[in-house]
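Breakdown of the fold
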Amino acid sequence: MNDITIGIIGVGNVGSTLAFNLAISGLCNTILLKDIREDFTKAMALDISQAAKASNNNTKVKACFSKDEFKNCKIIIITAGIARKPNMSREDLLLTNTKIVKNIFDEVQEQNKDAIFIIVSNPLDTMVYAALEKSKLSRNRVFGMAGALDTSRFKHYIEEKLTINYKNIDALVIGSHSNKMVPLINHVKIDDKLLIDILNKEDINYILENTQNGGAKIVELLKTGSAYFAPAHCCFLMCKAIITDSKDVFSCSVKLLGEYNYNDLPLGVPCILGKNGIEEVLELELSKEELDELKNSMSVIENSINLLKGVKNETNI
Ligand SMILES: NC(=O)c1ccc[n+]([C@@H]2O[C@H](COP(=O)([O-])OP(=O)(O)OC[C@H]3O[C@@H](n4cnc5c(N)ncnc54)[C@H](O)[C@@H]3O)[C@@H](O)[C@H]2O)c1
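Residues numbered from 1 in each chain as written. Predicted model: local features only at pLDDT ≥ 70, side-chain atom pairs only at ≥ 80, totals over all residues. Heavy atoms only, no water.

An unreviewed UniProt entry lists the protein under the name Malate dehydrogenase, from Aliarcobacter cibarius. Per UniProt, the protein carries the Sequence similarities (unreviewed entry) text "Belongs to the LDH/MDH superfamily." (UniProt positions renumbered as here; feature names shortened; annotations may be inferred.)

Another point: the environment of Ile 185. Position of Ile 185 among the secondary structure elements: in the loop between β9 (182–183) and β10 (189–190). Between the C-alpha atom of Ile 185 and that of Thr 41, which follows or precedes it by 144 residues, the distance is 41 Å. (Helix = DSSP H or I, 4+ residues; strand = E, 2+ residues; numbered from the N terminus.)

Before going further, it helps to examine the side chain of His 177. Among the secondary structure elements, His 177 is positioned in the loop between β8 (173–174) and β9. For His 177, a relative accessible area of 8% gives the class buried. Among the polar contacts listed, one links the side chain of His 177 to the side chain of Asp 150, at a separation of 2.9 Å. Apart from residues no more than four positions distant in its own chain, His 177 is found in contact with Arg 90, Asn 122, Leu 124, Asp 125, Ala 146, Leu 149 and Asp 150. (Buried < 20%, exposed > 50% of the residue type's maximum accessible area, 1.4 Å probe, protein only. Polar contact = N/O pair within 3.5 Å; in protein donor to acceptor, adjacent residues only side chain to side chain. Contact = heavy atoms within 4.5 Å.)

One pass over the full model with this rule turns up 9 salt bridges. Asp 106 is the salt-bridge partner of Lys 134, the closest N and O atoms lying 3.0 Å from each other. Placement of the pair is Lys 134 in helix α4 (residues 124–135) and Asp 106 in helix α3 (residues 94–108), with a sequence separation of 28 residues. Lys 134 sits in the partly exposed class, given a relative accessible area of 31%. One continuous salt-bridge network, built from bridges that share partners, spans Asp 245, Lys 247 and Lys 275. (Salt bridge = Lys/Arg side-chain N within 4 Å of Asp/Glu carboxyl O.)

Right, here's the structure in full:
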């Protein structure tokens, strides 16, 4: 068992499911939970601690309500905020969640000087931008989880259309966490075969459309919120890569510094994760068509950030 504390802020569907994943894995020995719903958070801490005990591991889960309790975290995952309901876009969450995310840094940054922050709250890429702006931390320590989830949805819909036996799907989604995300369809490999050589155009279009609208489909069915098992598990895997210094590659929303010809803006691209958070941002060789799609995808983030900047001038968010 590692002597490591992981903090989760926002103990709703994603946050509590992540805490459960962490507690039963034994990846860390302390999980700190923080949410505005006090009794609910205390209940989650008890229930999840007891789940850890059922697997005979010593992970302690604590509900924290003061600055002094929520401290010394190696990783902090921010899932606080409101989630989408049917007919809401991720952008509809913009102003509320920006205020929440920025306040959180006021509350926890001082007591967690070495923490790596993984942002989950939506609209994801803009929340990464707001968190970086507020915290003034470097990009390796403040980044977002979304590409890992979008990639798992991509793989889900690819598998639906496969009729052959295979061992591995190698696939990646980059771009903004929006319906203009960029599933890199021409790069997908099923073992050593290119997917585009296996499936017809209709199947390919089905995969692309469903991947890009994968979150909305779950929102529509749930009616009261958005997906949480896959998002929480992707966060867990990213925490694991950091704690174990695995150097595994995840698509993360990270501030670009010249990569893909963008500067000072966050975008989902493949990154190596290790003990310092993002160890390296990988630059893929993309076709002209893919770069155009990425530009289109980035326009969602630029519009959202511009909207935020406009409101900020008026209201001091
Ligand atoms: N990045 C992704 O891929 C991805 C995937 C799923 C969900 N999300 C986003 O993650 C966020 C959480 O989703 P969810 O389904 O867990 O929602 P949820 O409503 O179940 O949980 C949100 C929690 O945040 C808490 N909260 C609100 N304000 C807070 C504050 N100031 N401090 C601490 N806690 C606060 C609420 O009390 C609630 O428990 C949403 O914004 C959602 O859109 C992102």
